[in-house]
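An overview of the molecular structure
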Amino acid sequence: EPEVTQTPSHQVTQMGQEVILRCVPISNHLYFYWYRQILGQKVEFLVSFYNNEISEKSEIFDDQFSVERPDGSNFTLKIRSTKLEDSAMYFCASRGQSSYNSPLHFGNGTRLTVT
Amino acid sequence: QKEVEQNSGPLSVPEGAIASLNCTYSDRGSQSFFWYRQYSGKSPELIMFIYSNGDKEDGRFTAQLNKASQYVSLLIRDSQPSDSATYLCAVTGGDYGQNFVFGPGTRLSVLP
């Protein structure tokens, strides 16, 4: 069964450093998402991406964050200058269609630790 | 404000019992409702979804939707210890657009 792939599984970085989290969505999917989950808290929406542009973003997704689809398969989340509070699990998800019965498919996540 | 609410639990049920998980949402225009299961340290995995009022069954799982009351539930029959996890309710459509808004999750513990 097709799956969403995320790398790396765990990233440790120092405060102020830039990180890039990588995702390969399911190949025929059109909608891409990043969510994050701080330990013990809820899954929070960051950004959605369709047709090579951001379609929606949350208040969390400030100027420190950016997303890119550099080629036909990868979807990346960049955090320019990491803060301690960026430590979380980051999930990439994709969706095949916009119809209301099309679910999100999640990758295994990248655990980001900022020290 | 767009909100999806769930009892945080933990909800404890004995093995073989029915577990009932509830979710309420604030946007009356919401269109689709998804239940995900999340084991500790893992990503959410889809259990089932519902978009019409009434019940929808899939194996041991039944989703129930009442749009007038803005309420969706998940029943797990013949609960097994392997069902012990956090169950996430997610809502999309309406003011949420293509976004999926997740509730905080209910932690279920099935006792052998």
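See the structure shown above.
Residues numbered from 1 in each chain as written. Chains lettered and ligands numbered in written order. Predicted model: local features only at pLDDT ≥ 70, side-chain atom pairs only at ≥ 80, totals over all residues. Heavy atoms only, no water.

1. Considerations on the interface of chain A and chain B
So the rule is basically this: By the convention used here, residues are in contact when the closest approach between their heavy atoms is within 4.5 Å. By buried area we mean how much accessible surface two parts lose on assembly, using a 1.4 Å probe and totalling the loss over both. Each salt bridge in this description consists of a side-chain nitrogen of Lys or Arg and a carboxyl oxygen of Asp or Glu lying within 4 Å of one another. Contacts described as polar in this section are N or O atom pairs within 3.5 Å, which, within protein, must combine one atom able to donate a hydrogen with one able to accept it, while residues neighboring in sequence count only if both atoms come from side chains. Comment: elements are numbered from the N terminus, with helices defined as DSSP H or I runs of at least four residues and strands as E runs of at least two.
With 21 residues of chain A at the interface, the matching set in chain B holds 22 residues. Between chain A and chain B, a total of about 1,800 Å² is buried, with carbon and sulfur atoms accounting for 56% of that surface. Sorting the residues of chain A by area buried against chain B places K42(A), Y100(A) and F106(A) first, and these three jointly supply 30% of that buried surface. Remark: the boundary between chain A and chain B carries zero salt bridges. Inspection of the region where chain A meets chain B yields ten residue pairs in polar contact (both at pLDDT 80 or more). Counting residues per element, the side of chain A that touches chain B draws most heavily on strand β4 (residues 31-37) of chain A, which supplies four residues.

2. Quick look at the side chain of N99(B)
What counts, and what does not: Per-residue accessibility, obtained with a 1.4 Å probe over protein chains only, is compared with the maximum for each type, and a residue is labelled buried under 20%, exposed over 50%, and partly exposed between these values.
By the element assignment, N99(B) lies in the loop between β9 (85-92) and β10 (100-102). By relative accessible area, N99(B) is classed as buried at 7%.

3. A look at the pattern of salt bridges
Residue and element names in this part refer to chain B. Overall, the coordinates contain four salt bridges over all chains when judged by the stated rule. For the salt bridge of R37 with E45, the shortest nitrogen-to-oxygen distance reads 3.3 Å. What makes R37 buried here is its relative accessible area of 17%. Taking relative accessible area as the criterion, E45 reaches 33% and is therefore assigned partly exposed. Here R77 ties to E57 by a salt bridge, and the two come within 3.5 Å at their closest N and O atoms. Remark: E57 occurs in strand β6 (residues 54-58) and R77 occurs in the loop between β8 (71-76) and β9; sequence separation between them is 20 residues.

4. Notes on the sheet that holds β8(B)
Residue and element names in this part refer to chain B. Short version of the rule: Strands qualify as paired when DSSP identifies two bridges or more between them. Angular values range over 0 to 180 degrees, each being the angle between N-to-C directions of two axes fitted as lines to C-alpha atoms, with helices fitted over their stretch in contact.
The strand order across the open sheet formed by five strands is β1-β3-β8-β7-β6, and the pairing between neighbours is antiparallel. Two strands bound the open sheet, and with one partner strand each, they are β1 (4-6) and β6. Direction aside, the axes of adjacent strands within the sheet are offset by 20 degrees on average. Alignment of β6 against strand β7 (residues 61-66), held across five bridges, turns out to be antiparallel. When the sheet's bridge partners are listed, D55 is paired in β7 with Q64.

5. Observations regarding the side chain of S94(A)
Residue and element names in this part refer to chain A. For S94, the position within the fold is in strand β9 (residues 88-95). With relative accessibility at 0%, the residue S94 sits in the buried group. A polar contact is formed between the side chain of S94 and the side chain of H29, at a distance of 2.7 Å. What S94 contacts, discounting residues up to four positions off in sequence, is V4, P25, I26, H29, Y31, F32, P103, L104 and H105.

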